[in-house]
Amino acid sequence: MDSLELTREEVEKKKKKDEKAREKELKKLKAKQKAEAAKLQAQQSTTSSKSEKKKNAKREAEEDNLEDYTDPETPFGEKKNMSRQMAKTYNPSAVENSWYEWWEKSNFFEADAKSTKPPFVIVLPPPNVTGALHIGHALTAAIQDTIIRWKRMSGYNTLWVPGMDHAGIATQVVVEKKLWREMKLTRQDVGREGFIAEVWKWKNEYGGTILKQLRRLGASLDWSRECFTMDEKRSKAVTEAFVRLHKEGLIYRDIRLVNWDCVLRTAISDIEVEPIELSERTPIRVPGYEKPIEFGVLTLFAYPLEGGLGEIVVATTRVETLLGDTAVAVHPDDPRYSHVHGKFVVHPFNGRKLPIVCDPLLVRMNVGTGAVKITPAHDPNDFKVGKRHNLEFINIFTDDGKINKKGGPEFAGLPRYEARVAVTEALKEKGLYRGDEDYKMSISICSRSKDVVEPLIKPQWYVNCKSMAQQGLDAVMDETNPKMEIIPKQYVAEWQRWLENIHDWCISRQLWWGHQVPAWYAMFEDDKKKVIGAYNNQWVVARNEEDAQKEANRIFAGKKFELFQDPDVLDTWFSSGLFPLSVFGWPDNTEDLRAFYPTSVLETGHDILFFWVARMVMLGMKLGGDIPFKKVYLHPMIRDAHGKKMSKSDGNVIDPLEVINGITLENLHKRLEEGNFNPTELKTAKEGQKKDFPKGIPECGADALRFALVSYTAQSDKINLDIQRVVGYRQWCNKLWNAIRFAMTKLGDDYTPPAEIVPAGMPFSCKWILSVLNKAISKTVQSLDSCEFSDAATAVYSWWQFQLCDVFIEVIKPYFSANDPSLASARRYAQDTLWLCLDYGLRLLHPFMPFITEELWQRLPSKKDSLRKESIVISEYPSTVECWTDDGVESEMEMIESVVKSLRSLRSQLAPNERHERRAAFVRCRKSDACEIIKKHELEIATLATLSSLNVLSERDDAPLGCKVDVVNEALSVFLTQKGNIDVEAELEKLRKKMEDIQLQCDSLKKKMSAPSYQEKVPPNIRELDDTKLASLMQELLSFEVASQQLGRQSSQS
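Residues numbered from 1 in each chain as written. Predicted model: local features only at pLDDT ≥ 70, side-chain atom pairs only at ≥ 80, totals over all residues. Heavy atoms only, no water.

Considering the overall build of the chain
Then comes step 1: Check the secondary structure of the chain and you find 34 helices and 33 strands.
Then comes step 2: Considering only C-alpha atoms, the chain reaches an extent of 115 × 85 × 75 Å along its principal axes.
Then comes step 3: For the chain, with 1054 residues in total, the buried portion stands at 50%.
Then comes step 4: Summarising the internal contacts of the chain: among those between residues at least 6 apart in sequence, 76% fall at separations of at least 24.
Then comes step 5: About 51300 Å² of surface is accessible on the chain, with carbon and sulfur atoms providing 49% of the total.
Then comes step 6: Both charge centroids of the chain, one from 149 positive and one from 154 negative side chains, sit 2 Å from each other. (Helix = DSSP H or I, 4+ residues; strand = E, 2+ residues; numbered from the N terminus. Buried < 20%, exposed > 50% of the residue type's maximum accessible area, 1.4 Å probe, protein only. Contact = heavy atoms within 4.5 Å. Areas by Shrake-Rupley, 256 points an atom, 1.4 Å probe, with all protein chains shown as cover. Lys, Arg positive; Asp, Glu negative; His and termini not counted. Charge placed at Lys NZ, Arg CZ, Asp CG, Glu CD.)

Here it is as structure tokens:
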């Protein structure tokens, strides 16, 4: 026959046969060469001992054998070359090698905008360009990849978009440190243009490490669509959004208080502010100061009343701010100060007259002295008082936190906390100091620089969020037609609270790295103040400088001016908020935008529900015309095994790559030593590591880590991550590996799966495993669909572990133990069912554990005349098969498993040297239908319970003597033979304890059923269930009584 006439399958078989023949010839040649070499060696060294020769021969045989179990090298991006034989144990690094590069090169992850399949889209929350993979990223990737792989296999046109955030502050800090470390230069030394060039250079060299690390986790992202918030397309989107929102009056410029960082010299967002609670005076290290600064101190001082009429004592935790005070406030109803309403106090250092104002909103009469100093330019509450009473706003700080000339010549140039000491001393000299005391308070620290945040009044750009927030609120809260769902539902209330009480959003940042504000200031020739932004009505917003010039010429026609672009950049969250639009090419009407917006699901941490999620919804609805995603899933935050927040200083931070690859305790310590710890912190961190990881972290692999993280998602809003659980799943991978190894030996090299498998005519165990597989598929899909990822993982795990491995694989072993012709049909059915289970089971598990499932699935034989998909990645996700469900079979297996469980329990009570021996057992049945089921399944029970024989007795038969006894349920009791005499008293005591437990259940149920309102309030179906349960418990109690009587008779006979 010509080779062209061969079927695809026959060609493949022929190819395999030829390969095996070549391998055989090579082995023969190698063996011959080794034999000759050994002969030569023997001639040369006749003195070597026989035992040495034997050892060498054994070692050579093992080396020969090792090649069969070792994967040959795979060229980068090619399909993995797997070993001829499966390795005897699971090795994560070997299994997870090469697959990802092949998946990526094969374009399995790429979406097609022209596809007719329904789209399913997720946008990866863009990690910071400065970041390295941490356990939170691993959780995000594990959940999102589980979803996207499931949907890809379910026939969707899936798109998972990767991207990076330019991380304005974080990146600028990193590059500034690098400049200083390497060249002893500041950014001011190199200038704005030069500094930005340095940042791009750093980004191209070091940035984006995290995206490479995500590949190690198996994240199936569409890398062809990778983007960066500062690339050309995303920058265009940011400019367009700013221009459009400004044109609608939603972006405006105003002078307000901001969170100011004196080290970074920029406004920072609320999410970058970390509050520290203090209960008493506490020394805290502040950048730029040699000694710790004392906080938690309330200082009291007196303001002299004008005209020498006395004084008013006020209290403050920031005494230096009195240099910017412009009023003193009292409560209008406070009788102590009624005589000073409308009067003034005199500033002790500059003689300014400060009005005494009445403000019932701020002042509480029962707190402190009942009088409050007002510094409108440096305190959020005072700012509101200043607005209400039209007070003067005096800024006394420079951008780097020193006192400016408005603070007075005596203090100008002093850093703010040195000024605190100087002001206190000056008050003492003037006799106005009234002491200090410990004070419970909160201070705000910048998470980036660790500087104490200073409220500072600054002109900034703001977004008016009110109307957009209402849209976002309606999208979730509309009872008749909600557009967006938040899961878990507990966060809906937080969504409502944030958006109902929203403030306008400050989007200016005084940085160099970021999207420069697309606004130009027209400085007129005749302006008195030659400062950018001095006059608020001289701003022009445009897409570029050319458009700005045209617009300025139109607005300021006839005037001479020069344009200067605002040096500030936009808040990083502004570009992140546009991400679901900008990744698809908005504002251009691209093919991707039409195909993939809005996206399907957003999955992220609940800590950025407002800072990122709400802003994406507001900007998406306003600029994109629709919600950016239909569903929001908020995952829990990860803590250590003890529930403690992960912190570098505590040494409990877990690096996902160290879990995947494994790491020694010594190397964990080494990582700490490379960090920026003081000796005390380093000691604490090392002790923490030694306690949690005394032997380091064993190699677990990406699959085990992913599965553990997904399984943990049931833990409400926090995950207490115990590495031992990850280790447990790594061991489970070994069990999967061995299950496939066992299956391959039972299927054989020439096995070909049938085109169709029909349960009718199958052995009982085969029908059962298919029925429970159906339920596992249904539960997994249902759980994934409702974002109950832990339940989905549990459903898959339970089927593999407790049903396939623990029961089915064990119960079919007798079919293969001997070549019995009478078992030929059962053996073939068992092979077919085993293959089917492995094929379905691996595809069911694949979204959770992509690497091991691909490796094992590739080893499974294919159906005859079937073109199997190239990879499990693009194969079909299992769906239920109606004819597989068999409730009767499942009910019978439930009874079998109950019997086996009781027999195993009795076996565990035997002496240690007797537990592994096969022994005879009896099952005594009180009901005829139970008797029939047990007789029908003697083989299954004997196999699973490791019995030498099983006899089924009816209620009329005498109970066997010399046996341990247990009651399975109201219909069944089991007996296990034992060597020697039974300790009857001990057995009776065990039965008595079980009877007491059942009696308690009976009493509790009877009490519930005898309640006066039971008949009226409890539905009929529940009452019926209670009746059945009570009857069953009573019958079970009777069975225990009978068993006790039998033991009693046994005792008297002996």
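From this point, the narrative continues.
Thoughts on the sheet that holds strand β12 (residues 327-330)
Then comes step 1: Spatially, the 4 strands line up as an open sheet ordered β13-β14-β12-β15, and their pairing is mixed. The open sheet terminates on both sides in strands that have one partner only, identified here as β13 (344-346) and β15 (371-374). Geometrically, the sheet is characterised by an average inter-axis angle of 30° between neighbouring strands, direction not taken into account.
Then comes step 2: Of the pairings in the sheet, the one linking β13 to strand β14 (residues 353-358) comprises 3 bridges and is antiparallel in character. Counted as the bridge partner of V346 is K353 from β14. (Pairing = 2+ DSSP bridges. Axes fitted to C-alpha atoms, helices over the stretch in contact; angles between N-to-C directions.)

So, the packing of helix α22 (residues 701-711) against helix α23 (residues 723-747)
Then comes step 1: Contact pair α22 / α23: the axes reach a minimum separation of 8 Å and the direction vectors enclose 125°. Our classification of the angle between α22 and α23 gives oblique. In this structure, α22 meets α23 at a crossing whose hand is right-handed. When α22 is examined against α23, the residues D703, A704, L705, F707, A708 and S711 are found in contact with a partner set consisting of R725, V726, Y729, R730, W732 and C733.
Then comes step 2: Of the residues in the contact of α22 with α23, the class split is 8 nonpolar, 1 polar and 3 charged. (Parallel < 35°, antiparallel > 145°, perpendicular 65-115°, else oblique. Left-handed = near helix turned anticlockwise from the far one by under 90°. Nonpolar A, V, L, I, M, F, W, Y, C, P; charged D, E, K, R; others polar.)

Remarks on the packing of aromatic side chains
Then comes step 1: Evaluated as defined, the whole model comprises 40 aromatic pairs.
Then comes step 2: Ring geometry for W200 against F228: centres 5.7 Å apart, planes inclined by 80°, an arrangement best described as edge-to-face. Residue W200 is located in helix α7 (residues 187-206), and its partner F228 is located in strand β4 (residues 227-228); the two are separated by 28 residues in the primary sequence.
Then comes step 3: Ring centres of W573 and F611 lie 6.4 Å apart, and the angle between their planes is 40°; on these two criteria the pair is classed as tilted. Here W573 is found in helix α15 (residues 572-577), whereas its partner F611 is found in helix α18 (residues 609-624), with 38 residues between them in sequence. (Phe/Tyr/Trp six-rings, centres within 6.5 Å; stacked < 30°, edge-to-face > 60°.)

Topic: the pattern of salt bridges
Then comes step 1: Under the definition given, this model contains 54 salt bridges.
Then comes step 2: Among the salt bridges present, the one from E240 reaches R543, with a minimum N-O distance of 2.7 Å. A residue pair is termed long-range when its members are at least 10 positions apart, and E240 in helix α9 (residues 232-247) and R543 in the loop between β23 (539-541) and α14 (545-555) qualify at 303 residues.
Then comes step 3: One connected set of salt bridges, linked through shared partners, spans R281, E294, D436 and D438. (Salt bridge = Lys/Arg side-chain N within 4 Å of Asp/Glu carboxyl O.)

Regarding the side chain of T424
Then comes step 1: For T424, the position within the fold is in helix α11 (residues 416-429).
Then comes step 2: Accessibility expressed as a relative area gives 14% for T424, which makes it buried.

Focus on unusual backbone geometry
Then comes step 1: With an omega of -5°, the peptide bond running from I487 to P488 counts as cis.
Then comes step 2: Take P488: it is sitting in the loop between β19 (485-487) and α13 (492-500).
Then comes step 3: A cis amide bond links Y597 with the next residue in sequence, P598, at an omega value of 0°.
Then comes step 4: We note that K184 has phi near 55°; this positive angle belongs to a residue other than glycine.
Then comes step 5: By the secondary structure assignment, K184 is in the loop between α6 (168-183) and α7.
Then comes step 6: Note on K184: relative accessible area 51%, which makes it exposed.

Focus on the nonpolar core
The nonpolar side chains of soluble globular proteins are, as a tendency, buried together.
Then comes step 1: Ranked by size, the top nonpolar core spans 159 residues in total, and within it W800, F848 and L972 carry the most contacts.
Then comes step 2: If you tally residues by element for this core, the top one is α23, at 13 residues.
Then comes step 3: In this structure W800 touches W732, L736, I740, C805, L838, G841, L842 and L845, once residues within four positions along its chain are discounted.
Then comes step 4: By size, the runner-up hydrophobic cluster in this structure holds 68 residues, among which are V121, L581, L602 and V632. (Core = buried A, V, L, I, M, F, W, Y, C linked by side-chain atoms within 4.5 Å.)

Some remarks on empty space enclosed by the protein
Then comes step 1: Counted by the stated rule, this structure contains 1 cavity of 30 Å³ or more.
Then comes step 2: What the largest cavity holds in volume is close to 80 Å³.
Then comes step 3: In terms of lining, the largest cavity is formed by 11 residues, of which the most central are R924, R926, S973, S1039 and V1042.
Then comes step 4: Element by element, the count of residues in the lining of the largest cavity is highest for helix α34 (residues 1020-1053), at 4 residues. (1 Å grid on protein atoms, 1.4 Å probe; cavity = no way out; pocket = protein on both sides within 12 Å on 5 of 7 lines; lining within 4 Å. Points joined across faces, edges and corners; volume = space filled by probe spheres on them.)

Regarding the sheet that holds strand β30 (residues 919-925)
Then comes step 1: Here we have 4 strands laid out as an open sheet, ordered β31-β30-β33-β32, and mixed in their pairing. Each having just a single partner strand, β31 (947-953) and β32 (963-967) make up the two edges of the open sheet. Averaged over all adjacent pairs, the angle separating strand axes in this sheet is 20°, with direction ignored.
Then comes step 2: Two strands pair when backbone bridges link them, and β30 and strand β33 (residues 972-977) are joined in this way by 5 bridges, in the antiparallel orientation.

Observations regarding the confidence of the model for the chain
Then comes step 1: The pLDDT averaged across the chain works out to 89; a share of 92% of its residues lies at or above 70.
Then comes step 2: Strand β2 (residues 157-161) holds the highest mean pLDDT among the elements of the chain, 98, whereas helix α1 (residues 8-44) holds the lowest, 48.
Then comes step 3: Residue range residues 1-8 is modelled with pLDDT below 50. Its contacts to residues more than four positions away, or to other chains, number 5 contacts.
Then comes step 4: Below a pLDDT of 50 lies the segment residues 32-50, which in the model reaches 3 contacts outside its immediate sequence neighbourhood of four places, other chains included. (pLDDT = per-residue confidence, 0-100.)

Brief notes about helix α8 (residues 209-216)
The periodicity of an α-helix, 3.6 residues per turn, causes residues three or four places apart in sequence to face the same way.
Then comes step 1: Considered for burial, the residues of α8 that qualify are I210, L211, Q213 and L214. In a view along the axis of α8, the buried residues occupy a sector of 160°, so they form one face of it.
Then comes step 2: Taken together, the buried residues of α8 touch α5 (135-153), β3 (163-164) and α19 (656-661).
Then comes step 3: Where α8 ends, the next residue or the one after it, G218, has phi of about 90°, a positive value. (Arc of directions from axis to C-beta.)

Concerning the packing of helix α20 (residues 665-673) against helix α21 (residues 679-692)
Then comes step 1: For the pair α20 and α21, the least separation of the axes is 10 Å and the interaxial angle reads 155°. One element, α20, and the other, α21, form an angle in the roughly antiparallel class. Pair α20 / α21 crosses with right-handed handedness. Contact with α20, carried on its side by L665, L668, H669, R671, L672 and E673, involves L682, A685, K686, Q689 and K690 of α21 and no other residues of that element.
Then comes step 2: Grouping the amino acids of the contact of α20 with α21 by side-chain chemistry returns 5 nonpolar, 2 polar and 4 charged.

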